[in-house]
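The residues making up each chain are set out below.
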Amino acid sequence: MDFFEVVEKRHSYRGEFKNQEIPRADLTKIMEAGIRAPSGLNGQTTSFTVVTDPGLRAKLHEIFPHKGIATAPAVIVAHSARVEVYQGTAFEVQDYAAAVENILLAATALGYATVWTDGETAKEGRPERIAKLLNVPAGQTVRAVLPLGVPVGEGRQKEKKPLAERVRFL
């Protein structure tokens, strides 16, 4: 699949996953894509925890009751540290967002599905509870949880506004 096909096929998958293990080689490729994302002044403030252990995934689901997390053979947790890299400015949000987008595209390219869950991740004290469960290093904040696997159902990207409504060429 070429890059532009991957961009067109990437979608947010909120369903259940097949009971099919993801090979470590595929997980490694996906995570390599994540860590190669641009980072403000190369601060590299984003780290990840990939959860494949069934017991830990079950505990993660208790904290975050999302059907994708319940059935995903792998769950990627993005966490970042606030590091001021330029005149008092930190780019942790931009860094983690770029890294997650690379992960979403890499997962799609390899035939997997996922969803970026940062809004729900941030509720009900979940970041702190997830960080404690996964022993996320002090000073890092859990930002997003991405359930990952082979989807049970079909998915497709939602309709996007036409290019002419969102892009201006001057």
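None of these values were measured; they are calculated from a predicted model.

Calculation criteria
Residues numbered from 1 in each chain as written. Predicted model: local features only at pLDDT ≥ 70, side-chain atom pairs only at ≥ 80, totals over all residues. Heavy atoms only, no water. Axes fitted to C-alpha atoms, helices over the stretch in contact; angles between N-to-C directions. Helix = DSSP H or I, 4+ residues; strand = E, 2+ residues; numbered from the N terminus. Parallel < 35°, antiparallel > 145°, perpendicular 65-115°, else oblique. Left-handed = near helix turned anticlockwise from the far one by under 90°. Contact = heavy atoms within 4.5 Å. Nonpolar A, V, L, I, M, F, W, Y, C, P; charged D, E, K, R; others polar. pLDDT = per-residue confidence, 0-100. Salt bridge = Lys/Arg side-chain N within 4 Å of Asp/Glu carboxyl O. Expected span 1.5 Å × (residues − 1). Buried < 20%, exposed > 50% of the residue type's maximum accessible area, 1.4 Å probe, protein only. Arc of directions from axis to C-beta. Pairing = 2+ DSSP bridges.

Here we come to the packing of helix α3 (residues 54–63) against helix α6 (residues 126–134). Put simply, α3 and α6 touch, their axes get as near as 10 Å, and they point 165 degrees apart. Looking at the two axes, α3 sits roughly antiparallel to α6. The handedness of the crossing between α3 and α6 comes out as right-handed. Across the interface between the two elements, L56, K59, L60, E62 and I63 from α3 touch R126, R129, I130, L133 and L134 from α6. Tallied by class, residues from the contact of α3 with α6 come to six nonpolar, no polar and four charged.

Per-residue confidence for the protein chain gives a mean pLDDT of 90; residues scoring 70 or more make up 100%. Strand β3 (residues 84–86) is the least confidently modelled element of the protein chain, averaging 74 in pLDDT, while helix α2 (residues 24–35) averages 96, the highest of any element.

In this structure the tally under the stated criterion is four salt bridges. In this structure, K9 engages E5 in a salt bridge whose closest nitrogen and oxygen atoms are separated by 3.7 Å. Here the residue K9 and the residue E5 both occupy positions in helix α1 (residues 3–9), the gap between them amounting to four residues, near one helical turn. Between R36 and E32 there is a salt bridge; the shortest N-O distance is 3.3 Å.

Next up on the list: α2. With 12 residues, α2 ought to run about 16 Å at 1.5 Å a step, and its terminal C-alpha atoms sit 16 Å apart, in line with that. Inspection of α2 places D26, L27, I30, M31, A33 and G34 among the buried residues, and these make up the whole buried set. The arc that holds every buried residue of α2, seen down its axis, measures 150 degrees, which confines them to one face. For α2, the exposed residues set more than 90 degrees away from the buried face come down to R24, A25, K29 and I35.

Spatially, the four strands line up as an open sheet ordered β1-β2-β6-β5, and their pairing is antiparallel. Two strands bound the open sheet, and with one partner strand each, they are β1 (46–51) and β5 (113–114). Relative to strand β6 (residues 140–149), β5 runs antiparallel, the two being bridged by two bridges. Bridge pairing links T114 to L148 in β6. On the sheet, helix α5 (residues 92–109) packs against β1, β2 (74–81), β5 and β6 and is oriented at approximately 10 degrees with respect to β6.

With that settled, the discussion passes to the pairing of β6. With seven of its 10 residues buried, β6 lies for the most part within the structure. Relative to β6, β2 runs antiparallel, the two being bridged by eight bridges. Bridge pairing links V77 to V145 in β6.

Turning our eyes to something else, we now look at the environment of Y96. Residue position: Y96 is located in helix α5. Residues within four places of Y96 in sequence aside, it is in contact with T46, A78, S80, W116, D118, R143 and A144.

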